[in-house]
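Each chain, written out:
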Amino acid sequence: MGTLNKEQMEACCYTDGPLLILAGAGSGKTRVITHRIAYLIDELSVNPFNILAITFTNKAAKEMRERVDALVGFGSESIWVSTFHSMCVRILRRHFDEIGGKNNFTIYDTSEQKTVMKEVLKLLNLDAKMYPEREMLNIISKAKEQYIGPDEFEKQNPANYRNQQIANIYREYQKRLKNNNTLDFDDLIFKTIELFEHSPETLRIYQERFKYIMVDEYQDTNHTQFLLVKMLAARYRNLCVVGDDDQSIYKFRGANIYNILNFEEEYPDAKVVKLEQNYRSTANILNAANGVIANNEGRKDKRLWTDKEDGAKLQFTEYDNEYQEAESVVSDIASKKRIGVSLSDIAILYRTNNQSRILEEKLIYANIPYRLYGGTNFYQRKEIQDIISYLKVINNPADDIALRRIINEPRRGIGDTTVNKAQEFAISNDMNLYDALLMAEEIPGLQRAAAKIKVFTDLMDELRLMAGSNDLTELFDMILEKTGYKMNLEAENTDEARARLDNIEELRNKVVSYEEEAENPNLTELLEEIALVADAADDDGDGNQVTLMTLHSAKGLEFPYVYMVGMEEGLFPSSMATCSDDPDDLEEERRLCYVGITRAMKELNLSAATVRMLRGTKMYSKVSRFIDEIPANLIERKGNAILRQESTGSKYDAPFSIKKEKPYAGVYKKPAYTMSSPEISKGMPGDVAINYQVGDTVKHIKFGKGTVKEMVKGGKDYEVTVDFERVGEKKMFASLAKLKKL
DNA sequence: GAACCCATCATTTTT
DNA sequence: TGATGGGTTC
C-alpha cells in the first residue's frame with residue numbers, strides 16, 4: 001500500500017487537459033487526488049496558488065486539506081480546497097456588488113427560507129394548502145439548480161394560472177432575500193454564475209488563478225455546479241473530475257448523473273482513467289456488490305476487483321418482525337464486543353432515519369454505546385437559532401427574519417401586533433423592519449409600544465458597537481447577559497433549561513475556537529462559518545461506539561463489520577422507487593445498496609423483517625430484490641428466508657417473484673499489480689535518495705523536527721511515519737515529503 | 001401567551 | 001406510530 005498502483009499513477013501524472021477518473025468504491029480516490037496535487041507542486045513546479053480542489057462536504061474538504069498538507073512541503077495553504085458553496089461565498093464576498101448585491105450578505109438556512117416563504121405567501125394572499133411552503137421552496141430550489149430565474153421560470157413552464165403564481169412567489173421570495181441582504185444556499189452558486197456571465201473580466205481573474213481544477217464526487221454535481229466548473233475551466237482546460245457513477249445517490253437533491261456519464265462528450269479530448277482495484281473489502285463482499293450493481297443499465301463499464309481473500313460469506317437473516325431483527329443484531333454485536341472487537345469498527349446502516357429508534361432501544365438495553373448520525377442538527381435547536389439570530393441582527397440589521405425571531409425573545413412586551421404594524425409600515429415605505437423600529441414614535445398606532453421598542457433598539461445598537469471591536473466571545477457573553485436570555489433560562493431551573501444552557505455553552509465554545517483559529521476574526525465570517533460548516537456535532541474522539549446511520553450518510557466511510565437492516569421491498573428499495581415510472585429511481589436505490597455493501601471490509605450482515613410496523617400499520621413485505629441479486633454462492637440465508645426457499649406453501653405470498661438465476665461470472669480475481677511499465681514510472685516521484693532510517697531525527701520543511709518511527713517499503717517509495725515535535729505523528733511518502741536527516 | 005386539540009402526513013441530506 | 005403545525009380556548 002505504500003505506493004500508487006499503475007492506474008492511480010496514471011491519474012496522478014496526467015495533468016494537462018480534461019481528465020475523468022472513474023474511481024470505484026475503496027479504490028484509493030482521495031490518495032490519488034492528494035498525490036496529484038503533490039505531483040503538480042513538487043514535480044511540475046505548479047504554484048499552489050493556481051490549484052483548486054472542490055469537494056462536497058466540509059468534512060471531505062478538511063480531510064483533503066490535511067492530507068495535502070502532509071504531502072506537500074510548502075505553500076499548501078494557498079491551494080483552494082473548498083466546497084462549492086464556500087468557494088462561491090469567497091468569490092461573492094469580493095464581487096457581489098458588481099451585479100448589484102452587497103458584499104456583506106448573510107446566508108439563510110432552510111428554516112429561515114421557510115419563514116421567508118410563509119411571509120411571501122401571506123403577502124400574495126395565497127392559500128397555504130394550494131401552495132405549500134415546502135413545495136414552493138422545492139420548486140424554486142430546483143429552478144435555481146437549473147439556473148432558471150423567475151422570468152425564465154414563467155417562460156419555460158406551461159402558461160397556466162398556477163405557474164404564474166409560482167413565478168410570482170419566486171420573484172417575491174427573491175425580492176425579500178435581497179431586501180434582507182441575504183442569499184440562500186442555491187443562490188450562492190446561482191449568483192456566482194450570474195456574476196461570471198455579467199462580468200467576463202472577473203471570470204477571467206478566476207480562470208487565470210485556477211489553472212488546475214479538481215472536482216471530487218463529480219457524480220453528485222448538479223447543473224449549476226457543472227456550469228460553474230465549466231466556466232472556470234474554460235480557459236486552461238486542466239480539469240480533473242473524480243467520481244463513480246455507481247455511487248450517485250443524490251438525485252433527489254439535484255445531482256445529475258449525466259454530468260459524469262457525459263463528461264467525454266462535453267470534453268471529447270478527455271482522458272479517462274479507471275480505478276478498479278479495491279483495497280477495502282474481501283472478495284466475497286466485493287463480488288456481492290458487483291453482482292448487485294450489474295443489474296443497472298447505462299453505467300460506465302467497470303468492474304472492481306481485489307487481491308484480498310474471499311473472506312466470510314455474507315449473512316442474510318429474515319426475522320419475524322423488526323424487534324427480533326434489532327434484538328438479534330444487537331446481541332450479535334454484544335458477542336463481537338465480548339471477543340474484543342472494537343465497537344467503532346461496527347456500523348448499522350438503514351434506509352430511513354426512523355429505523356434507528358428500535359435499534360437504539362435495544363442498544364441501550366444491552367448497554368452498548370452508540371453514535372447516531374443524522375437527526376436534529378445542533379444548529380436547528382431553538383436556543384442556538386435564537387442566539388445566532390442576535391448575532392445576525394447585530395451583523396446585518398436588514399435581516400428581518402432574524403430580527404422578528406428575537407425581538408420578543410426573551411419577552412419584552414413587543415407582541416405580534418406591534419411587530420406587524422411596524423412591518424407594514426416598513427414595507428409600504430420600502431425600508432427594512434429595523435429602520436422602521438428606529439422611528440417607532442412616528443408610526444401610527446405604535447406610540448404606546450415605542451418606549452419598549454426603543455429599549456430594544458438601544459440594546460441592539462449597543463451590542464453592535466461592541467461587535468465593531470471584534471471581540472466575539474465578549475460580544476457573545478454580552479448578548480446572553482444584556483438580553484436576559486441566560487438569566488431567564490437559569491430561572492427556569494428545569495432539566496430542559498439546563499440542557500439549553502449547555503447547548504449555548506457549546507455554541508460559545510465554537511465561537512472561542514473560531515476566534516483562536518481565524519486569521520482575522522470578525523462577525524460576518526463567524527456567521528458564514530456557522531451557516532456553511534453546520535456539520536452535525538464534531539466527532540468527539542470517544543471512539544468505542546457503534547455507528548448508526550442511513551445508507552446515504554455512510555457514503556465515503558468504511559467499517560470492518562457492517563449490518564444492513566430492513567432489506568425489504570417497499571423499504572429498501574423504497575416504495576417511492578418501486579412505484580415510480582422512472583426506472584432510474586429504482587437504479588438509484590440499487591446504487592445505494594451498492595454503496596452500503598461496499599462500506600464493509602470484513603463482514604457483512606444483512607437482515608429483513610417479515611412484518612414491520614410502518615406508519616401505524618403492520619406491513620408484510622417481501623425480501624428486498626437486492627438480496628436476490630447477490631450471487632447465491634456468496635451469501636448464507638437464515639431464518640424465515642430459508643423456510644421460504646424450501647417450502648413453496650409459505651404463509652405469506654411468495655416473496656421471490658424474481659427467482660431466475662442471473663448469469664454470473666463467478667468469483668473474480670486479478671493478480672496484484674506489479675510495477676513494470678517504464679512508461680508510467682517515467683518522471684514519477686520516487687527517485688529520491690533516502691539517507692535516514694527508523695530512529696533518525698529528520699526535518700520537514702513545514703512540520704519541523706521529528707523522529708522517524710516507521711518506514712514501510714512499497715514499490716519504489718517508502719511510506720514514512722514521523723513523530724514530529726510540534727504536530728505529532730504524520731504519515732508521508734519519502735519521495736514527496738523531502739525529509740532531511742539531521 | 002400558554003395550553004390543548006385536531007388534522008395531517010410522512011425517503012434519502014448537504015450546503 | 002408519532003412529530004408537527006394551525007387554530008382555538010382560557
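Not measured: the values here are computed from a predicted model.

Colleague: I tried to follow empty space enclosed by the protein on my own but got confused; where do I start?
Modeller: By rolling a water-sized probe across the atoms, one finds the places where empty space is left. The tally for this structure, following the rule as stated, stands at three cavities of 30 Å³ or more. Here the second largest cavity is characterised by a volume of approximately 50 Å³. What lines the second largest cavity is simply Glu322, Glu325, Ala326, Gln355, Ile358, Leu359, Val565 and Arg612. Within the residue set of the lining of the second largest cavity, elements represented by two or more residues are α15 (322-338) and α16 (356-365). Broken down by element, the residue count for the lining of the second largest cavity peaks at three residues, all from α15. Broken down by class, the residue content of the lining of the second largest cavity amounts to four nonpolar, one polar and three charged.

Colleague: Sorry if this is basic, but what is going on with the protein's contact with DNA strand C here?
Modeller: Around DNA strand C, the neighbouring residues are Lys114, Lys118, Arg357, Arg615 and Gly616. Near the protein, meaning within 4 Å, the atoms of DNA strand C are sugar or phosphate in a fraction of 46%, with bases accounting for the rest. Within the side chain of Arg357, one N or O atom sits 3.4 Å away from a phosphate oxygen of DNA strand C. When the residues that make up the surface near DNA strand C are grouped by side-chain class, the tally is no nonpolar, one polar and four charged.

Colleague: What am I meant to see in the protein's contact with DNA strand B here?
Modeller: Not every one of the 23 residues close to DNA strand B is listed here, only the nearest: Asn58, Arg351, Arg411, Thr550 and Ser574. Counting only the atoms of DNA strand B that lie within 4 Å of the protein, the sugar and phosphate share comes to 51%. Residue Thr550 places a side-chain N or O atom 2.5 Å away from a phosphate oxygen belonging to DNA strand B. At 3.5 Å, a side-chain N or O of Ser553 approaches a phosphate oxygen of DNA strand B.

Colleague: Before we go on, may I ask you to explain unusual backbone geometry in this structure?
Modeller: It is generally the case that most residues other than glycine have a negative phi and that most peptide bonds are trans. Going from Glu409 to Pro410, the amide bond is cis rather than trans, its omega being 0°. Relative to the elements of secondary structure, Pro410 occurs in the loop between α18 (400-406) and α19 (416-428). Of note, the amide linkage connecting Phe572 to Pro573 takes the cis form, showing an omega dihedral of 5°. Checked against the element boundaries, Pro573 lands in the loop between β13 (559-564) and α27 (575-579).

Scoring rules and cut-offs
- Residues numbered from 1 in each chain as written.
- Chains lettered and ligands numbered in written order.
- Predicted model: local features only at pLDDT ≥ 70, side-chain atom pairs only at ≥ 80, totals over all residues.
- Heavy atoms only, no water.
- 1 Å grid on protein atoms, 1.4 Å probe; cavity = no way out; pocket = protein on both sides within 12 Å on 5 of 7 lines; lining within 4 Å.
- Points joined across faces, edges and corners; volume = space filled by probe spheres on them.
- Helix = DSSP H or I, 4+ residues; strand = E, 2+ residues; numbered from the N terminus.
- Nonpolar A, V, L, I, M, F, W, Y, C, P; charged D, E, K, R; others polar.
- Near = heavy atom within 4 Å.
- Polar contact = N/O pair within 3.5 Å; in protein donor to acceptor, adjacent residues only side chain to side chain.

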